[in-house]
Amino acid sequence: MTTRAMPIKDASSASWATADSREKPYIHAAGICLAADRSFSWGAKLAMERRLAAIFAADVAGYSRLMGAGDGVLAEFASPVKAVRCAVEVQHGMADRNADVPQEQRIEFRIGINLGDVVVEDGDIYGDGVNVAARLESIGEPGAVYISRAVRDFVRDQPELVLEDLGEQPLKNIVKPVQVFRIGAPLGAAGVLQTAAPPLVPDKPSIAVLPFTNMSGDAEQEYFSDGLSEDLITDLSKVSGLFVIARNSSFAYKGKSVKVQDIGRDLGVRFVLEGGIRKAGNRVRITAQLIDAGSGGHLWADRFDRDLTDIFATQDEVVEKIVRALAVKLTRGEEQRLGQRGTTHIEAYEAYLRAREFLSRSTREGMVQAKALHRRAIQIDRNFAAPHAGLSLATISEYISDWAPDPAAALDEAERWARRALELNEQEPLSHMALGNVLLWRRDHAGALAEARRMIELDPNFAQGHAAMGLGLMYAGKAVEALDSFARAMRLDPKFPSIVLHFLAQAEFSLGKYEAAAQHLRERIARTPGTDSSRMMLAACYGHLGQLDDARMAWAELIKVNPGFSMAQRERVLPYKDPADFRRVTEGLAKAGLP
């Protein structure tokens, strides 16, 4: 196939041409062939033709940095399935190529595919079919493939694809919102999403704990198997001689049949722990296998049949055997901490597991449920530190999200719970995270960073903790250091939650890196369409970049998402040490004539 590399920023019409060797887009130079079904000769006079077609639009992310590459590709396919297969092959090929070159030489494509009506006339192709494909490409993150619902309907039964529904998205100059689906960037084993080339394996024993299978035959027991898996991750995470992947990334494989070798490659770890739990009455059976992700061989496997009251001792035994199998030496402090469970009451523990699951949802109703269950755990065991810390985190979440009827009282309440948690157990990392959060939002930056450092000292593999450290550094005016903390968090959690993209963008924005910040904010919005804060920051980025129409569109979308959005509330709550950092946001908005 021969297509001409062309800009597709405004694709109300797009001319096709036969490319000569000087004009070949980089996609050809990378050794990848776009086998499109149609090409046109430059300047040929053709009669007008209207037809249904699959339009493939690709653009090089960060093109201004990579002037040696053609900046865009527009191709027509008769079949949406062929267009999607081509896109997946392109992203696989680019990921392979990027794995072998330095970061500054990497090239990543954004790809959008739409099925729609197009008009071909005198060598030009235009119409909504083209426009939507181009807009899908423009909202995608580097390495991703975005498709419309019309395309999804043709490829939904392809077994190698996993499609993530991003909901209806407003697209620039498109009258109606378009339902958008994302294909992985690129696709890994069994369709598990990857966001970049596989990470390098650390130079210390590295492990991912997969969610243990609930073998009880009762879906209501799912919280228990998930909770036990998460506790094993937490325990292993506290061992400084290990590199432990965060729960968020390990649980991305829940319910999927994926080879251990592929998981190890995707997450950048040498070992994988998997198993199952059967809970019946007062008895529990746990099976566990520690597997070498390189060879697929078992290093250790065991089965534990215990009374439910022995569950804590059983967890300790599993951790001890894993550490021994990996030949990791524990420090004296780690030996002491690993034996601390916080409670001996099974009912309190189960209430806490349920509360933790609601807390992770980050919704208003989730916070209400989490607080009720944390209180239930405390009623059963008043000396259990973790639910006190959980209550603090839920309350601070309500404060940040403007869900608390009395914000000042909510902040006071969060601090009381956090300090009580530390009184009960100073060696519980979650307690330090809770107090650090409170102190940060009180603008006690030095105190917040001190709590963050202690938290990471107690739990060096705590991805969420490294992100919290980065947030504290960013608000304290240390954006460069914050970027390092965010990078560490993202390595420990390769499938990191979208909020990390917002934090990363905030740090970049503080450094005046508006292009990079805008890209991460677009990625965040694509993953979390309901966000208002990321749209605020994106509008400010566009204002500083002189992209005034884009800034106004981002702001209009913000108001749709949250009609009651208040800049005054943001200014009051966001704990910047230097007020000039928030003024940079308002200045960007003002450049676009926004409030």
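Residues numbered from 1 in each chain as written. Predicted model: local features only at pLDDT ≥ 70, side-chain atom pairs only at ≥ 80, totals over all residues. Heavy atoms only, no water.

Q: I would appreciate a short explanation of the pattern of salt bridges in the present structure.
A: Opposite charge on two side chains makes pairing possible when the charged atoms of those side chains draw close. Counted under the stated rule, the structure contains 35 salt bridges. With a shortest N-O distance of 2.9 Å, Arg361 and Glu357 are connected by a salt bridge. Classification of Glu357 by relative accessible area gives partly exposed; the value is 33%. Linked through salt bridges whose partners overlap, the residues forming this network are Glu230, Asp231, Arg247 and Arg356. (Salt bridge = Lys/Arg side-chain N within 4 Å of Asp/Glu carboxyl O. Buried < 20%, exposed > 50% of the residue type's maximum accessible area, 1.4 Å probe, protein only.)

Q: I would appreciate a short explanation of helix H18 (residues 499-510) in the present structure.
A: Structurally, the α-helix is built with 3.6 residues per turn, so residues lying three or four positions apart point the same way. With twelve residues, H18 should cover 16 Å at 1.5 Å per step; its first-to-last C-alpha distance of 17 Å lies within 8% of that length. Most of H18 is tucked away: eleven of the twelve residues are buried. The complete set of buried residues in H18 reads Val500, Leu501, His502, Phe503, Leu504, Ala505, Gln506, Ala507, Glu508, Phe509 and Ser510. If you follow the buried residues of H18, they end up packed against helix H16 (463-475), helix H17 (479-492), helix H19 (514-527), helix H20 (533-545) and helix H23 (579-591). Of the residues one or two after H18, Gly512 is the one with positive phi, at around 80°. (Helix = DSSP H or I, 4+ residues; strand = E, 2+ residues; numbered from the N terminus. Expected span 1.5 Å × (residues − 1). Contact = heavy atoms within 4.5 Å.)

Q: So what exactly am I meant to see when it comes to the packing of H20 against helix H21 (residues 548-561) here?
A: Axis angle and axis distance: for two packed helices, these are the angle between their axes and the distance between the axes, and together they describe the pair. Their axes nearest at 8 Å, the elements H20 and H21 cross at an angle of 165°. Regarding the angle of H20 to H21, the classification is roughly antiparallel. The chirality of how H20 crosses H21 is left-handed. Counting all contacts with H20, which are made through Arg535, Met536, Leu538, Ala539, Tyr542 and Gly543, the residues of H21 involved are Leu548, Asp550, Ala551, Ala554, Trp555, Glu557, Leu558 and Val561. (Axes fitted to C-alpha atoms, helices over the stretch in contact; angles between N-to-C directions. Parallel < 35°, antiparallel > 145°, perpendicular 65-115°, else oblique. Left-handed = near helix turned anticlockwise from the far one by under 90°.)

Q: Before we go on, may I ask you to explain the nonpolar core in this structure?
A: Ranked by size, the top nonpolar core spans 78 residues in total, and within it Met536 and Trp555 carry the most contacts. The contacts of Met536, once residues within four sequence positions are left out, are Trp555, Leu558, Phe565, Met567, Arg570, Leu574, Val585 and Leu589. Of all hydrophobic cores here, the second largest spans 35 residues; its members include Leu228, Phe271, Ile346 and Leu353. (Core = buried A, V, L, I, M, F, W, Y, C linked by side-chain atoms within 4.5 Å.)

Q: Is there a simple way to think about the pairing of strand S2 (residues 49-60) in this case?
A: For a regular strand, side chains alternate in direction, first toward one face of the sheet and then toward the other. Along S2, nine of the twelve residues are buried, which leaves the element largely enclosed by surrounding structure. In this structure, S2 lies alongside strand S4 (residues 109-121), joined through twelve bridges in antiparallel fashion. If you follow Leu52 over to S4, its bridge partner there is Asp117. Both S2 and strand S3 (residues 72-77) contribute to a ladder of six bridges, which runs antiparallel. Following the sheet pairing, Asp59 is matched in S3 by Gly72. (Pairing = 2+ DSSP bridges.)

Q: Just checking my understanding: could you explain the packing of aromatic side chains for this structure?
A: For any pair of aromatic rings, geometry is given as the distance between the ring centres together with the angle between the planes. One pass over the structure, following the stated rule, counts ten aromatic pairs. For the pair Phe56 and Phe77, a centre-to-centre distance of 6.1 Å together with 45° between the ring planes defines the contact as tilted. Taken together, the positions of Phe56 in strand S2 and Phe77 in strand S3 put the pair 21 residues apart, joining distant regions of the chain. As far as the burial class goes, Phe56 and Phe77 line up, both buried. With centroids separated by 5.2 Å and ring planes inclined at 65°, the aromatic side chains of Phe509 and Tyr514 adopt a geometry described as edge-to-face. Summarising the burial analysis for this pair, Phe509 and Tyr514 share the class buried. Lying over the aromatic face of Phe251, Arg247 brings its terminal NZ or CZ to 4.0 Å of the ring centre. The cationic tip of Lys279 hangs over the ring face of Phe224; the distance from NZ or CZ to the ring centre is 5.3 Å. (Phe/Tyr/Trp six-rings, centres within 6.5 Å; stacked < 30°, edge-to-face > 60°. Lys NZ or Arg CZ within 6 Å of the ring centre and 35° of its normal.)

Q: Hey, could you run me through the packing of helix H5 (residues 222-237) against helix H10 (residues 346-359) in this one?
A: At a closest axis distance of 10 Å, the pairing of H5 and H10 adopts a crossing angle of 90°. Relative to H10, H5 is oriented roughly perpendicular. In this structure, H5 uses Tyr223, Phe224, Gly227, Leu228, Glu230 and Asp231 to contact H10, whose residues at the interface are Tyr349, Glu350, Leu353, Arg354 and Arg356. Per-class residue counts for the contact of H5 with H10 are five nonpolar, one polar and five charged. (Nonpolar A, V, L, I, M, F, W, Y, C, P; charged D, E, K, R; others polar.)

Q: So what exactly am I meant to see when it comes to H16 here?
A: The end-to-end C-alpha distance of H16 is 19 Å, a good match for the 18 Å that 13 residues give at a rise of 1.5 Å each. Those residues of H16 that sit buried are Ala463, Gly465, His466, Ala467, Met469, Gly470, Leu471, Gly472, Leu473, Met474 and Tyr475. In this structure, the buried residues of H16 make contact with helix H14 (429-441), helix H15 (445-458), H17 and H18. Of the residues flanking the end of H16, it is Gly477, one or two places downstream, whose phi is positive at about 90°.

Q: For this particular structure, what's the right way to read the pairing of strand S8 (residues 178-183)?
A: Taken across its six residues, S8 has six buried, putting it largely inside the fold. Both faces of S8 are covered, namely the face carrying Val178, Val180 and Arg182 and the face carrying Gln179, Phe181 and Ile183. Relative to S8, strand S6 (residues 145-148) is paired through four bridges, and the arrangement is antiparallel. Each bridged residue has a counterpart across the sheet, and for Tyr146 the counterpart in S8 is Arg182. As defined by bridge partners, strand S7 (residues 163-169) adjoins S8 across five bridges and the pair is classed as antiparallel. From the neighbouring strand, Glu168 faces S8, where its bridge partner is Gln179.

Q: Whenever I open this one, unusual backbone geometry confuses me. Can you help?
A: The backbone of Ala327 sits at a positive phi, close to 55°, despite the residue not being glycine. Structurally, Ala327 can be placed in the loop between helix H8 (311-325) and helix H9 (332-338). The exposure class of Ala327 is exposed, given its relative accessible area of 69%. Phi is positive for Arg443, close to 70°, though the residue is something other than glycine. With respect to the element layout, Arg443 can be found in the loop between H14 and H15.

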